[in-house]
Amino acid sequence: MRPERLADPEPERPVDQVGKGRAGGVELASIARRTRPLVLARDELLPVAPPLAELLGTPGLPRGSTVVLEGSGVAGGTSLALALLAGPSSSGAWCAVVGMPSLGLVAAAELGVALERLVLVPHPGRRFAAVVAALLEGCDVVVARPPAALARGEARRLVARARERRAALLIAAGTVATLPDLAPGAPGRSRPGEGRVAASVLWPEPAEVRLSVVAGSRSGIGRGTGRLGPRPMEVVATRRRASPPEVSVRLVLPLPAGGSVVEALPPPAGWVGRGSPESPPILPASAR
Amino acid sequence: MSPRPPRTLVVWCPDWPVSATGRPAEQAIAVVAGQRIIAASTAAREKGVVPGQRRRQAQACCPELTVLAHDAGGEIRAFEPVVRALEAFGAPVALRRPGWAALGTRGPARYFGGEAALTRAVAAAVADALPALARAPAGDPAPLAGPWWRVGIADGPFAATMAAQRGVVVPAGRTASFLAPFGVEALGRPELAELLRRLGISTLGGLASLDEADVLARFGPDGARAQRLAKGLDERPFRGRPPVPDLAVATELDPPADRVDAVTFVSRGLAEALGGRLAERGLACTLLEVEVETGDGGRLSRLWGNDGVWTPGLVAERLRWQLEAWLTGRPPDGPPDDPGGLRPRAPEKWAEVGIAAVRLVAVEVVADRGRQLELWGRSHAADERVARVLARVQGMLGHDGAVRPVLVGGRGPAERVRLVPFGDPVPDGVVGADLPWPGRLPSPSPAVVPADPPRARVLDAGGAEVAVDGRGAPSAPPASIATSGGEPVTVVAWAGPWPVDERWWDGTGHRRRARLQVVTATGEAYLVALERGTWLVEGRYD
């Protein structure tokens, strides 16, 4: 049985004093934290990079919570979901991805997801709810793309299951591509705007946090020059518990090393017309 | 001079991949792996089908040829009875591949009263192990060379293999003279054999007669090893696997159980008994077979592997999920084939007849060395929990319903990932992802990579499809992109094309592609590739 959740007390003094002034102080403090027998409130958080923590309104991804990545007309939702997975995954948590057969796994690795602790269930079919419920029992984070016909009751049961099993549930409602969506089984949408209306209906239940990519641009690419670089985007989060209830954060994916908040970034001003001069040439040596 | 290698008996099954299919040898059958023939039945060989041929060539030689895909797991399973039969002789058995097994003869030969008698006994046991296959010609009850097996004895595994091909027993100390007339190709080193032939050394005897120091200087360590083999001095004694003691537990249910929990309750006791037997011998089971017999004599079985700890709870839990999966049948949208087990005939029917017997067999055992646990944290318990949960998901969706990704070498985003069913070991021959792959697309990679890339049209300002010439230059700047049936979308930025010419030395694997990144007016970015005149959407930067 899990111990009861307790309020986070002050860190124990003696341990901190032992570590103080020594080179190994930080490590020692972290060891002390990990060997403590209690489950503290902050242990109930799965670590995430700082800009994402700002979106969530908590220092990490809370266990037992449900985060919905809403489909919007702007691309970037999949990268955002992978970036949210990266922190927990690299700190030892098991992650599962359900119902996303065309997930780019190289991109996942580049965004920081540890593939050795990643499990995929690409085609859950009609057993979507049963598969997600099972995975919530064993994995720490479950990313799921629900089918369009998910019943409200099933969604509610999954949210309850996540809360009960102390796992985080990320619902990737999916972004909409102007070209037909690449996921097999997704209905082809040929006209822009047509699918955007329907996208957020995929998850009928309330969630702790709803994230939506509202704007973005492409860097590093011109007309025949450069190549695609990191993607600056603006994400709006609607939170139920944190204040203010709605924040807008600008970040760049993949996150730069160190994971700093990218507030200083100039606002995306349309498309970059020139390839950036520092883009290295990638003409392969084998090109003939 | 090093001592003579130990006397070794080899059972060799030529074209085992064909024999393992269990089809009659009169049929023209060939087994292919990667478009090349790796084994052919006698009937097929008579028509001119030889291993190493391309599949098309083989079909041209022999139009009625049945071509089957290589099934490594099936071959190993089919060979298991032969290995068990050999283990009954009490000496360690070594396996190199399905279809080849070696046995140390020292003890058994004395027991059977000589090597000739032992060889006959082994041949008889091997023939009996697979009655479905054995059709030895009438007369001699156990010939050393049957329709699908060969048995031979010599000094060391290499010479014994050659002896087995001839079906003879080479007397001790006469191995070198037995090997002398064989061609140098028998060494299994094609490059060395070709070189030796050009130098005028065509037989093993010729190679053996050369000066050792000269061979080492001219052909390197591998050549020196080959010469030792040719002299009948096998350099490495084989390692046998310990004979698997009788590690099966079974129980009968009378009357047949018609409920899943009744069966799982019984399986708990069985698992405890099996665990006790394994612990007595200091072994851990890495592959467990669970067999269920239904009331009307039907059988269902499945093999489960894990890292060696089968607690009673774990066995019971897996058996329950397995039974539930069998009972409910396959979900209609699940994978079409189930590689791991057999399908029940009619689910309703077998719920009616009930389950009459449960049997647990430790198929593969290793010495129990314990497991390395993590010093800190709860990671170990978490791993076990994840494995349990995924076994349940696999019970619902089939073995390949839950997979884990492995990064491999490659250039395109789809080529760089291989999906392995959860619980399976990472297959051999995975090329390291950390090697340099010139021409690989740099980070960031597309976050959406379709398994089946849809076709697209990349058009220039005039509405004509963009082509890429031999130098990698586009015929015109791309102006719009459309997928089948969709309206074209304006392209506002693009980069590339980057040509990739892969495996140009290889007739079958050769691919020429040119990749292009495009950004549409709606802000989406795609990776498209032109191959054989068709643009395919390889990925979306989402």
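Residues numbered from 1 in each chain as written. Chains lettered and ligands numbered in written order. Predicted model: local features only at pLDDT ≥ 70, side-chain atom pairs only at ≥ 80, totals over all residues.

**Q** I'd love a proper account of the overall build of chain A, names of residues and values included.
**A** In terms of helices and strands, chain A carries 8 helices and 10 strands. Looking at the 288 residues of chain A, the share that counts as buried comes to 45%. Pairs at least 24 residues apart make up 69% of the contacts formed inside chain A by residues separated by at least 6 positions. (Helix = DSSP H or I, 4+ residues; strand = E, 2+ residues; numbered from the N terminus. Buried ≥ 20, exposed ≤ 12 C-beta atoms within 10 Å, placed from the backbone. Contact = placed C-beta atoms within 7 Å.)

**Q** Can you explain the overall build of chain B? Please cite residues and give values.
**A** Within chain B, the regular secondary structure consists of 15 helices and 19 strands. Restricting the contact set of chain B to residue pairs at least 6 apart, pairs at least 24 apart contribute 54%.

**Q** Could you give an account of helix 11 (residues 212–230) of chain B, naming the residues involved and the relevant values?
**A** Residue and element names in this part refer to chain B. Here helix 11 contains 19 residues, and its C-alpha end-to-end distance of 12 Å is more than 12% below the 27 Å for a straight helix at 1.5 Å per residue. Residue Phe219 marks the point of greatest curvature in helix 11, where the axis turns by about 135°; the proline Pro221 follows within four residues. Listed as buried for helix 11 are Val215, Phe219, Gly223, Arg225, Ala226, Gln227, Leu229 and Ala230. Where helix 11 is buried, its residues contact helix 7 (156–166), helix 8 (175–179), helix 9 (190–198) and helix 10 (204–208). Gly232, located one to two residues past helix 11, shows a positive phi value of around 85°. (Expected span 1.5 Å × (residues − 1). Bend = angle between axes of the 7 residues up to and from the residue.)

**Q** An account of the environment of Val518 of chain B is requested, with residue identities and associated values reported.
**A** Residues and elements named next belong to chain B. Structurally, the position occupied by Val518 is in strand 17 (residues 511–520). It is 9.5 Å that separates the C-alpha atoms of Val518 and Val458, two residues lying 60 residues apart in sequence. When near neighbours in sequence (up to four residues on either side) are disregarded, Val518 contacts Pro478, Ile481, Val491, Trp494, Ala525, Tyr526 and Val528.

**Q** Describe unusual backbone geometry, listing the residues and the values that go with them.
**A** Residues and elements named next belong to chain A. In this model, Ser243 is joined to Pro244 through a cis peptide bond whose omega is -5°. Position of Pro244 relative to the elements: it lies in the loop between strand 9 (231–239) and strand 10 (246–253). That bond from Leu253 to Pro254 is cis: its omega, -5°, falls within 30 degrees of zero. Structurally, the position occupied by Pro254 is in the segment after strand 10. If you check the backbone angles, Arg166 has positive phi at about 55° while not being a glycine. Structurally, Arg166 is set in the loop between helix 7 (152–165) and strand 7 (168–172). For Arg166, a count of 16 C-beta atoms within 10 Å gives the class partly exposed.

**Q** Summarise the interface of chain B and chain A; cite the residues concerned and give the values.
**A** Counting residues at the interface gives 68 residues for chain B, matched by 66 residues for chain A. Where the side of chain B that touches chain A is concerned, the elements lending two or more residues are helix 15 (379–397), strand 12 (403–407), strand 13 (417–421), strand 16 (489–502), strand 17 and strand 19 (534–541) of chain B. With 11 residues, helix 15 of chain B is the single largest residue contributor to the side of chain B that touches chain A.

**Q** How would you explain the sheet that holds strand 14 (residues 455–460) of chain B if you had to name every residue and give the values?
**A** Residues and elements named next belong to chain B. Taken in spatial order, the 6 strands of this closed barrel run 14-15-16-17-18-19, and their pairing is antiparallel. Across the sheet, the mean angle separating the axes of adjacent strands is 45° when strand polarity is ignored. Of the strand pairs in this sheet, strand 14 and strand 15 (residues 478–483) are connected by 5 bridges, and their pairing is antiparallel. Looking at strand 15, one finds that Arg457 is bridged to Ala482. (Pairing = 2+ DSSP bridges. Axes fitted to C-alpha atoms, helices over the stretch in contact; angles between N-to-C directions.)

**Q** Give me the confidence of the model for chain B: which residues, what numbers.
**A** The predicted coordinates ought not to be read in detail in places where the model reports low pLDDT. Residue and element names in this part refer to chain B. Taken over all residues, the pLDDT of chain B has a mean of 77, while the share at 70 or more is 80%. No element of chain B has a lower mean pLDDT than helix 14 (residues 347–353), at 57, and none a higher one than helix 10, at 91. For the stretch residues 237–242, pLDDT sits under 50, and the model shows 14 contacts to residues farther than four places along the chain or on other chains. Per-residue pLDDT stays below 50 along residues 329–348; that stretch engages in 33 contacts with residues further than four places along the chain or on separate chains. Overall fold confidence (pTM) sits at 0.54, and the ipTM for the predicted complex is 0.72. (pLDDT = per-residue confidence, 0-100.)

**Q** Which residues make up the pairing of strand 3 (residues 36–40) of chain B, and what values go with them?
**A** Residues and elements named next belong to chain B. Of the pairings in the sheet, the one linking strand 2 (residues 29–33) to strand 3 comprises 4 bridges and is antiparallel in character. Residue Ala30 lies in a different strand from strand 3, and its bridge partner there is Ala40. The loop that links strand 2 with its antiparallel partner strand 3 comprises 2 residues; one of these, Gly34, has a positive phi angle of about 60°.

**Q** Describe the pairing of strand 7 of chain A, naming the residues involved and giving the relevant values.
**A** All names here are of chain A. Among the 5 residues that make up strand 7, 5 are buried, leaving the element largely enclosed by the rest of the structure. The alternating pattern of strand 7 places Ala168, Leu170 and Ala172 on one face and Leu169 and Ile171 on the opposite face, and all of these are buried. When strand 6 (residues 141–144) meets strand 7, the two strands line up parallel, connected through 4 bridges. By the bridge assignment for strand 7, Val143 is matched with Leu170. Read from strand 6 through helix 7 to strand 7, the crossover connection turns out right-handed. (Right-handed = clockwise from strand over helix to strand, strands pointing away.)

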